[in-house]
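# Notes for the structure review
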Amino acid sequence: MDDIRLIDIREEILSDNQNLADEIRERLRDNGVFMLNLMSAPGSGKTSLIIETIRRLKDEFRIGVIEGDIDSLVDSEKIAAEGISAVQLRTGGACHLDAPMIETALATMDLENFDLLIIENVGNLVCPAEFDTGAAKKAMILSVPEGDDKVLKYPLMFSVCDALVINKIDYLGLSDFNQDLLKERVQMLNRGINIFAVSCRTGEGIDEWCDWLRREIYSFKNRD
Amino acid sequence: MHELAVTEGMLKVVLRHAELNRAKKVVGITLQIGEMSDIVDEWLRRYFDYLSRGTIAEGAEITIRRTPAVFLCEDCGEEYVVNIKAGDRFSCPECGTNKVEMVSGREFLVQDLKVI
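Basis of the calculations
- Residues numbered from 1 in each chain as written.
- Chains lettered and ligands numbered in written order.
- Predicted model: local features only at pLDDT ≥ 70, side-chain atom pairs only at ≥ 80, totals over all residues.
- Heavy atoms only, no water.
- Helix = DSSP H or I, 4+ residues; strand = E, 2+ residues; numbered from the N terminus.
- Rg over C-alpha atoms; globule rule 2.2 N^0.38 Å.
- Buried < 20%, exposed > 50% of the residue type's maximum accessible area, 1.4 Å probe, protein only.
- Areas by Shrake-Rupley, 256 points an atom, 1.4 Å probe, with all protein chains shown as cover.
- Pairing = 2+ DSSP bridges.
- Right-handed = clockwise from strand over helix to strand, strands pointing away.
- Axes fitted to C-alpha atoms, helices over the stretch in contact; angles between N-to-C directions.
- Contact = heavy atoms within 4.5 Å.
- Buried area = accessible area lost by both parts, 1.4 Å probe.
- Salt bridge = Lys/Arg side-chain N within 4 Å of Asp/Glu carboxyl O.
- Polar contact = N/O pair within 3.5 Å; in protein donor to acceptor, adjacent residues only side chain to side chain.
- Expected span 1.5 Å × (residues − 1).
- Arc of directions from axis to C-beta.

### What to know about the overall build of chain B
Looking only at helices and strands, chain B has 2 helices and 6 strands in total. Going from N to C terminus, chain B has its helices and strands arranged as α-β-α-β-β-β-β-β. A globule of 116 residues ought to have a C-alpha radius of gyration of about 13 Å, yet chain B, at 18 Å, is considerably larger. Among the 116 residues that make up chain B, the fraction classed as buried is 47%. Of the roughly 5,800 Å² that chain B leaves accessible, carbon and sulfur atoms contribute 48%.

### Details of the pairing of strand β8 (residues 194-197) of chain A
Consecutive side chains of a regular strand alternate in pointing toward one face of the sheet and then the other. Residues and elements named next belong to chain A. Inspection of the sheet shows strand β7 (residues 163-167) paired to β8 by 4 bridges, in the parallel sense. Across the sheet, residue V165 finds its bridge partner in β8, namely F196. Between β7 and its parallel partner β8, the chain crosses via helix α7 (residues 179-189), and the hand of that crossover is right-handed.

### Describing the sheet that holds strand β5 (residues 116-120) of chain A
Residues and elements named next belong to chain A. In space, the 7 strands of this open sheet follow the order β4-β3-β5-β2-β6-β7-β8, with parallel pairing throughout. What marks the edges here is a single partner per strand, and that holds for β4 (85-90) and β8. Pairs of neighbouring strands in the sheet enclose a mean axial angle of 20°, with direction left out of account. Pairing geometry for strand β3 (residues 63-69) and β5, over 5 bridges, is parallel. Opposite E67, over in β5, you have E120 as the bridge partner. Helix α8 (residues 206-222) rests against β2 (34-40), β5, β6 (137-143), β7 and β8 of the sheet, and its axis sits at about 145° to β2.

### So, the interface of chain B and chain A
Opposite the 43 residues of chain B that make contact, chain A presents 35 residues. Each partner contributes to the roughly 3,600 Å² buried at the junction of chain B and chain A, and carbon and sulfur atoms together form 62% of this total. Together, B:H2, B:F90 and B:F108 form the three largest contributors to the area buried by chain B at its contact with chain A, with a combined 16%. For the interface between chain B and chain A, the tally reads 4 salt bridges. Ionic pairing is found between B:R16 and A:E11, a salt bridge with its closest N-O pair at 2.7 Å. Summed over the shared surface of chain B and chain A, the number is 18 residue pairs in polar contact (both at pLDDT 80 or more).

### As for the side chain of A:Q88
Residue and element names in this part refer to chain A. Along the chain, the position of Q88 falls in strand β4. Side chain to side chain, Q88 and D69 meet in a polar contact 3.5 Å long. Polar side-chain contacts of Q88 include one of 2.8 Å to the side chain of S76. Non-local contacts of Q88, meaning those with residues more than four positions away in its chain, are made with E67, G68, D69, S72, L73 and S76.

### Some remarks on α8(A)
Residues and elements named next belong to chain A. The end-to-end C-alpha separation of α8 is 24 Å, in line with the 24 Å expected for 17 residues at 1.5 Å each. Taken as a whole, α8 has its buried residues at I206, W209, C210, W212, L213, E216, I217 and F220. An end-on view of α8 places all buried positions within 155° of arc, on one side of the element. Looking at α8, the residues exposed on the side facing more than 90 degrees away from the buried face are R215 and N222.

Below, the structure written as structure tokens:
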């Protein structure tokens with residue numbers, strides 16, 4: 001009987017995706033394109049936040065959007081109505097976007113013509129957290145009606161993001177959502193996360209979110 | 001939920017290293033997966049049984065080592081395990097502070113292979 005050998009590997013399970021994501025990140029850096037991966041559960045307000053962001057930043061930055069949905073054009077049509085080009089990825093069942101899918105979207109875009117790309121990931125608090133898309137920064141949205149206990153149920157998503165946008169704060173009076181408790185828990189899980197409280201409907205807090213994004217983009221572009 | 005994509009990724013890593021090491025057959029795979037990951041072990045094994053057919057990894061036994069979420073207290077230096085989904089408190093059990101940081105629990109590795 002042949003001897004069994006033990007081979008030490010210690011390699012990321014998703015190393016293929018990771019390698020492509022790293023390549024994408026480098027290519028975007030070379031082209032001065034800041035890509036943001038925006039994630040959340042369905043209905044939290046990704047499209048709304050993107051639209052509010054576009055309205056405030058489009059005179060300063062050339063913006064493009066990569067839309068990910070299982071099968072729909074609804075979101076990309078809304079973005080196009082703002083005068084911004086959107087590439088719609090229809091995953092046909094995949095519950096998240098990954099580096100190969102982002103690569104196919106980027107292949108259709110002239111990167112020289114963009115400063116900011118926003119990925120609107122598939123509505124899902126679980127899977128997108130595991131797959132690097134090559135973005136420079138990751139942000140997530142949690143809306144007030146979803147509840148403040150989501151950190152306990154979906155800790156990975158909260159731990160991998162650079163920013164958390166608490167949306168629908170105009171609903172705070174109607175719920176027992178505890179903002180302080182949420183922020184406390186999130187910061188213990190993810191020390192460096194930047195937290196914003198907004199309402200896409202009333203506009204409250206959106207400027208602070210855009211200021212952060214603006215600073216990140218300038219910092220990114222000045223690095224070279 | 002995304003066990004299929006994960007299993008595909010895992011199989012690529014396994015077969016690449018098996019080939020590099022001139023293995024004839026992979027008989028065992030050890031994964032190290034942190035508590036933060038939502039992978040359901042049973043589904044990973046089922047997808048693996050299906051995807052590995054016809055490859056040298058067919059029939060390999062998969063061992064999944066779950067590593068817990070470990071936090072470090074910045075005040076008193078205590079390191080402690082938190083069962084996040086069970087609703088354990090994040091704050092330091094020793095001195096009660098919230099000045100703590102999660103230091104492990106996000107692992108997602110192919111740790112080793114047993115090959116012939």
